[in-house]
Amino acid sequence: MADFRAIADAVKAGRAKVVKTLVNEALAEGANPEALLNEGLVVGMNELGIMFKNNEVYVPEVLIAARAMKAGTEILKPLLAAANVQSLGKVAIGTVKGDLHDIGKNLVGMMLEGAGFTVIDLGVDVSPEQYVDAVANQGAQIVGMSALLTTTMPSIKDGIEALKAAGLRDKVRVMIGGAPVTQSFADEVGADGYSSDAASAADLAKELIKQL
Ligand code: B1M
């Protein structure tokens, strides 16, 4: 039986090697990759987030934990993607301008790949022009914007406005997310969809692609 608690604790403690070992062991015992992600790795990072908020840990600890989380997600990524072969469509995803948080965005990308989408990862600190380029020149049918800071949420609006200005708004669906983002914010800025977590982001993308 996979020890999800131990995996979450190892992420919190930033112990990348331990995370790797535990994830590999759990997989060898037949654990489900999606459960390992959501009930192990993500739980650890969320708990650390609460400690960060309460000033119980600081930026260095969080960075080390992020590296440990990545060590685990890298093992799971091909397994989550393997289930689907035929591409459902192309999604360009990135964290908006001014924002460097990429853990949630990477998870969303993984879940989209797992659901069968081709994912173009634009990275972090993505400018409105880069989103436009992804649609105009790289064939993205859905643009995914992630924002983790209240101060960078307006960059989502900038991205949508840039797509409008480039005459591309009708050709693309825009989905947004990130801890401070809400459905009412999505309605306000004219996004086509919002989701609160990576698994529902994949379901949302499946709905949005049908609209094109
Ligand atoms: Co930052 N940080 N951080 N940070 N950081 C937050 C976001 C904060 C809430 C912490 C706090 O104070 N409680 C706070 C923001 C406050 C606010 O704006 N209201 C904050 C701050 C203030 C800052 C700095 C300004 C700190 C400083 O320097 N003084 C700074 C800003 C840097 C910048 O971006 N310019 C900063 C820096 C950092 C680190 C570099 C140390 C590190 C990032 C490392 C990395 O990403 N590679 C970091 C981290 C890790 C966090 C916390 C602890 C965790 C974020 C995370 O990865 N969560 C975070 C506290 C928290 O959220 N509890 C915090 C786990 C992840 C799985 O969840 O990203 O929410 P999340 O993604 C979810 C959903 O939101 C959703 O699905 C994901 C999976 O379920 N989702 C989408 C996300 N994107 C989506 C897109 C979609 C759909 C769904 O469609 C496209």
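Higher on the page you've got the structure.
Residues numbered from 1 in each chain as written. Predicted model: local features only at pLDDT ≥ 70, side-chain atom pairs only at ≥ 80, totals over all residues. Heavy atoms only, no water.

Draft legend 1. Local environment of the pattern of salt bridges. Throughout the structure, instances matching the rule amount to seven salt bridges. Between Lys 12 and Glu 47 there is a salt bridge, and its shortest N-O distance comes to 3.0 Å. Taken together, the positions of Lys 12 in helix H1 (residues 4–12) and Glu 47 in helix H3 (residues 33–53) put the pair 35 residues apart, joining distant regions of the chain. Residue class for Glu 47 comes out partly exposed when judged on its relative accessible area of 23%. A salt bridge links Glu 207 to Lys 210, with the shortest nitrogen-to-oxygen separation between them at 3.1 Å. Remark: Lys 210 and Glu 207 occur in helix H9 (residues 198–210); sequence separation between them is three residues, near one turn of the helix. (Salt bridge = Lys/Arg side-chain N within 4 Å of Asp/Glu carboxyl O. Helix = DSSP H or I, 4+ residues; strand = E, 2+ residues; numbered from the N terminus. Buried < 20%, exposed > 50% of the residue type's maximum accessible area, 1.4 Å probe, protein only.)

Draft legend 2. Fine view of H3. Between its terminal C-alpha atoms H3 stretches 29 Å, which fits the 30 Å expected from 21 residues at 1.5 Å a residue. The sharpest bend along H3 comes to roughly 35°, located at Val 42. Of all the residues in H3, the buried ones are Ala 35, Leu 36, Leu 37, Gly 40, Leu 41, Val 42, Gly 44, Met 45 and Leu 48. A distance of 2.7 Å separates the backbone nitrogen of Glu 34 from a side-chain oxygen at the start of H3, and that oxygen is part of Asn 32. Positive phi shows up at Asn 55, right after H3, with a value of about 60°. (Expected span 1.5 Å × (residues − 1). Bend = angle between axes of the 7 residues up to and from the residue. Polar contact = N/O pair within 3.5 Å; in protein donor to acceptor, adjacent residues only side chain to side chain.)

Draft legend 3. Structural context of the sheet that holds strand S4 (residues 173–177). Taken in spatial order, the five strands of this open sheet run S2-S1-S3-S4-S5, and their pairing is parallel. Two strands in the sheet have a free side with no partner beyond their single neighbour: strand S2 (118–126) and strand S5 (193–194). When strand S1 (residues 90–96) meets strand S3 (residues 142–146), the two strands line up parallel, connected through five bridges. The residue of S3 that forms the bridge with Val 91 is Ile 142. Against the sheet, helix H6 (residues 128–138) makes contact with S1, S2 and S3, and its axis sits at roughly 160° relative to S2, the strand it touches most. Together, S1, S3 and S4 form the strand contacts of helix H7 (residues 153–165), whose direction differs from that of S3 by roughly 160°. (Pairing = 2+ DSSP bridges. Contact = heavy atoms within 4.5 Å. Axes fitted to C-alpha atoms, helices over the stretch in contact; angles between N-to-C directions.)

Draft legend 4. Structural view of the site of the ligand. Taken together, 33 residues lie near the ligand, and Leu 100, His 101, Asp 102, Ser 146 and Thr 150 sit nearest. At 2.7 Å, a backbone N or O of Leu 100 approaches an oxygen atom of the ligand. One of the backbone nitrogen or oxygen atoms of Ala 179 is found 3.3 Å away from an oxygen atom of the ligand. Of all the secondary structure elements, the ones that give two or more residues to the shell around the ligand are H3, helix H4 (59–82), helix H5 (103–115), S3, S4 and H9. Considering every element that reaches the shell around the ligand, the biggest residue donor is H3, with five residues. Considering only residue class, the shell around the ligand consists of 17 nonpolar, 12 polar and four charged. (Near = heavy atom within 4 Å. Nonpolar A, V, L, I, M, F, W, Y, C, P; charged D, E, K, R; others polar.)

Draft legend 5. Region of the structure containing the environment of Ser 184. The topology assignment puts Ser 184 in helix H8 (residues 183–189). Taking the C-alpha atoms as reference points, Ser 184 and Tyr 194, separated by 10 residues in sequence, lie 9.1 Å from one another. In terms of polar contacts, Ser 184 uses its side chain to reach the side chain of Thr 182, at 3.3 Å.

Draft legend 6. Looking closely at H7. If you check H7, its first and last C-alpha atoms are 19 Å apart, about what 13 residues at 1.5 Å a residue would give, namely 18 Å. Considering only its buried residues, H7 is in contact with S1, H6, S3, S4 and H8. Note on H7: the residue one or two positions beyond its end, Gly 167, has a positive phi of about 75°.

Draft legend 7. Region of interest: the coordination of the cobalt atom of the ligand. One donor from the polypeptide reaches the cobalt atom of the ligand: His 101 (NE2), at 2.2 Å. The topology assignment puts His 101 in the loop between S1 and H5. (Donors = N, O, S within 2.8 Å, 3.2 Å for Na, K, Ca; no water.)

Draft legend 8. Representation of the packing of helix H2 (residues 16–28) against H3 in the model. The geometry of H2 relative to H3 is characterised by a closest axis approach of 11 Å and an angle of 140° between their N-to-C directions. Here H2 is positioned oblique relative to H3, judged by the angle of their axes. Judged by the sense of rotation from one axis to the other, the crossing of H2 with H3 is right-handed. Along the contact surface, H2 presents Val 19, Val 23, Ala 26 and Leu 27, while H3 presents Pro 33, Leu 36 and Leu 41. Broken down by class, the residue content of the contact of H2 with H3 amounts to seven nonpolar, no polar and no charged. (Parallel < 35°, antiparallel > 145°, perpendicular 65-115°, else oblique. Left-handed = near helix turned anticlockwise from the far one by under 90°.)

That's the geometry; what it means functionally is another story.
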